Amino acid sequence: MFRRLMLAGAIAWGAIASGMAAAPTAQAAPNAPTVRVSDGPVQGFYAQGVAEFLGIPYAAPPVGDLRWRPPAPPEKWTDTRLAIHFGNTCVQNQPGHFAHPSITEDCLYLNVFAPKDYAKTGPHPVLFWIYGGGLTAGESNDYDGSKLAKAGAVVVTINFRVGTLGFFAHPALDAEGHDKGDYGLMDIQQALRWVQANIGKFGGDPKRVTIFGQSGGATAVMANLVSPTAKGLFHSIINESGTHVIVTPLADAEKAGESFAAKAHCTQGAAADVAACLRKLSPAQIVATALPPASYYIQDGTIITQPTYRSFETGQFNQVPIMTGLTADEQAFFLPELQGGPRRPLSATQFNAFVASFGKDHVQDILKAYPLSAYDSPSLADIAVAQGNKACTARNFDQLWSKYVPVYAYQFDDETTPSYLPPASYPTRAFHTSELLYLFPLFRGGQGQAHELTPAQEKLADRMVKYWVNFAGTGNPNGKNAKGEWSRYATADDNVLVIGEDKSTMTKGYGAQTYPHNMKNDCALWDHINTYVY
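These numbers were taken from a predicted model, which means no experiment stands behind them.

Draft legend 1. Just the state of the cysteines, in detail. Inspection of the entire model under this criterion finds 3 disulfides. What pairs with Cys-266 in a disulfide is Cys-277, and their sulfur atoms sit 2.1 Å apart. Handedness here is read from the sign of the S-S torsion; for Cys-266 and Cys-277, about -70°, the answer is left-handed. Here Cys-277 lies in helix H8 (residues 271-280) and Cys-266 lies in the loop between helix H7 (250-263) and H8, a separation of 11 residues in the sequence. Residue classification places Cys-266 among the buried positions, given a relative accessible area of 2%. For Cys-277, a relative accessible area of 25% puts it in the partly exposed group.

As structure tokens, then:
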């Protein structure tokens with residue numbers, strides 16, 4: 001999203017145009033907000049009714065010998081550092097959803113959005129955002145935290161290593177004696193430690209930190225939920241459209257890493273020679289060589305110690321309040337029309353192939369529950385099938401977590417949500433990422449078309465922001481009125497808040513819920529098909 005930076009005082013605008021992450025120093029602007037963090041003073045600016053500090057380093061650039069190592073502390077500075085533009089996007093080859101392509105490894109920066117009077121008020125709850133992109137893409141630039149900050153939260157957004165540079169294992173690297181594999185998760189936890197040390201200076205409360213993320217960012221949220229090394233760094237979580245939690249065993253990740261090294265011609269000599277060869281590859285070579293990730297994160301033995309479902313089933317996770325949910329039409333985002341495939345409607349053959357992907361033994365049951373004839377197009381039938389599967393996976397999480405912690409479940413269901421994506425042959429309705437337009441003004445998916453909200457949608461945005469900030473402040477989306485409209489999830493009631501444009505409605509029986517457009521969850525079917533591995 002293009003942002004107008006409304007700065008007070010003299011600012012080195014040439015530095016902004018250069019795109020360099022290392023912010024210059026300049027004559028202090030007397031009316032600009034200035035904070036001394038643990039590594040040195042930073043000067044931000046006032047805009048959109050809040051104080052913004054962009055591009056603050058929370059770790060050293062992970063370049064050279066620091067590539068594929070845990071994040072190191074940043075170099076300290078003494079002169080005031082201008083925190084007026086976002087840091088670099090981490091290395092990725094992203095075609096257009098979630099971020100811009102980048103070959104810049106110097107990218108471990110965070111941003112703070114604080115209430116305008118942060119120096120006089122507070123402490124405010126902290127919302128720590130982790131971007132989506134399947135842990136292979138993403139950038140903080142597209143997430144404007146001003147609306148959440150104006151509602152009373154201090155918002156932190158970060159960049160962290162993704163893809164091969166963020167999640168990678170190889171015997172030569174893993175034998176070096178440092179924590180291994182999950183470098184992107186280590187970055188997130190380093191940023192959370194920065195928050196614990198510094199957020200009070202921005203009016204934030206280090207004892208009320210909520211980590212929240214969407215899609216791949218929600219996967220990272222759940223990874224931190226089960227990570228022993230994240231204990232005490234946050235106090236509640238919000239999981240937005242996160243349903244993927246399968247981990248890759250270290251041995252499998254190392255095997256994939258060896259295949260990568262062979263493709264990159266880094267196989268000769270002792271282990272130290274192989275590691276040195278890998279670290280000499282250019283970012284462009286890494287992007288060109290990268291193998292598809294086997295999964296999302298690695299069971300390395302320290303950051304992630306056991307399969308995620310086992311942690312959930314046994315209660316061996318960081319037990320904090322949880323807010324969690326889906327959009328009503330998740331799959332509308334993922335069809336080939338919008339994801340780089342043929343720009344034409346899904347065919348019946350493609351729909352049948354999708355149904356067959358759940359296993360040949362289940363094809364007839366799925367087609368009986370979701371007959372193609374019940375939908376206006378194969379695309380809409382595909383969306384319905386995928387939604388039933390995801391809704392029941394999310395419900396399984398609700399049932400597991402609620403045995404140990406307070407859980408507040410939702411479904412975002414505003415069919416009027418504007419789409420930043422190209423036009424499609426089918427209505428996208430409440431597509432994957434659609435709720436982000438209501439939390440982060442003018443969100444546009446990295447490279448899409450931003451849209452202003454209508455007055456009715458702005459009212460919905462206000463309602464959602466209130467839920468999110470209330471939850472960050474109290475562990476309950478109702479806020480201090482703990483018995484408000486959103487009731488805590490109970491397996492017996494299977495109760496989920498449906499968030500619509502006009503109102504929010506508490507519903508029961510989510511696992512058997514039916515909706516307009518022949519959408520239905522049918523968890524009696526999906527719980528038989530899905531394999532929830534404990």
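What follows continues from the structure just given.
Draft legend 2. Structural view of the pattern of salt bridges. The final tally for this structure, using the stated rule, is 14 salt bridges. Among the ionic pairs, Glu-105 bridges to Arg-67, the shortest N-O distance being 2.7 Å. A residue pair is termed long-range when its members are at least 10 positions apart, and Glu-105 in the loop between strand E5 (81-82) and strand E6 (109-115) and Arg-67 in the loop between strand E4 (50-57) and E5 qualify at 38 residues. Since its relative accessible area comes to 10%, Glu-105 is described here as buried. A single network of salt bridges, built from pairs that share partners, joins Asp-65, Arg-69, Glu-176 and Arg-279.

Draft legend 3. Local environment of empty space enclosed by the protein. Tallied over the entire structure, the rule returns 4 cavities of 30 Å³ or more. The computed volume of the largest cavity comes to approximately 70 Å³. Lining the largest cavity, in full, are Ala-328, Asp-329, Gln-411, Asp-413, Glu-415, Arg-429, Tyr-515, Pro-516, His-517 and Met-519. Class assignment of the residues belonging to the lining of the largest cavity gives a composition of 4 nonpolar, 2 polar and 4 charged. Of the pockets and cavities examined, the second largest cavity occupies roughly 60 Å³. What lines the second largest cavity is Leu-335, Pro-336, Glu-337, Pro-342, Arg-344, Pro-345, Leu-346, Gln-350 and Ser-379. Here the residues of the lining of the second largest cavity are counted per class, giving 5 nonpolar, 2 polar and 2 charged.

Draft legend 4. Summary view of the packing of aromatic side chains. Going through the model one piece at a time under the given rule, you end up with 32 aromatic pairs. In textbook terms, an aromatic cluster arises when at least three aromatic residues are bridged by ring pairs, as seen for Trp-129, Tyr-143, Phe-212, Tyr-420, Phe-431, Phe-440 and Phe-443. A cation over an aromatic ring shows up here: Arg-81 above the ring of Trp-77, its NZ or CZ 5.3 Å from the ring centre. Stacked on the ring of Tyr-370, the Lys or Arg Lys-520 has its end atom at 5.7 Å from the ring centre.

Draft legend 5. Quick peek at the environment of Leu-497. Considering the arrangement of structural elements, one finds Leu-497 in strand E17 (residues 496-499). Along the backbone, Leu-497 and Glu-485 are 12 residues apart, and their C-alpha atoms lie at a distance of 8.6 Å. For Leu-497, the contacting residues outside a window of four places in its chain are Ala-409, Tyr-410, Gln-411, Tyr-467, Glu-485, Trp-486, Ser-504, Thr-505 and Met-506.

Calculation notes
Residues numbered from 1 in each chain as written. Predicted model: local features only at pLDDT ≥ 70, side-chain atom pairs only at ≥ 80, totals over all residues. Heavy atoms only, no water. Disulfide = S-S within 2.5 Å. Helix = DSSP H or I, 4+ residues; strand = E, 2+ residues; numbered from the N terminus. Buried < 20%, exposed > 50% of the residue type's maximum accessible area, 1.4 Å probe, protein only. Salt bridge = Lys/Arg side-chain N within 4 Å of Asp/Glu carboxyl O. 1 Å grid on protein atoms, 1.4 Å probe; cavity = no way out; pocket = protein on both sides within 12 Å on 5 of 7 lines; lining within 4 Å. Points joined across faces, edges and corners; volume = space filled by probe spheres on them. Nonpolar A, V, L, I, M, F, W, Y, C, P; charged D, E, K, R; others polar. Phe/Tyr/Trp six-rings, centres within 6.5 Å; stacked < 30°, edge-to-face > 60°. Lys NZ or Arg CZ within 6 Å of the ring centre and 35° of its normal. Contact = heavy atoms within 4.5 Å.

Spatial relationships are all this shows, so hold off on functional conclusions.
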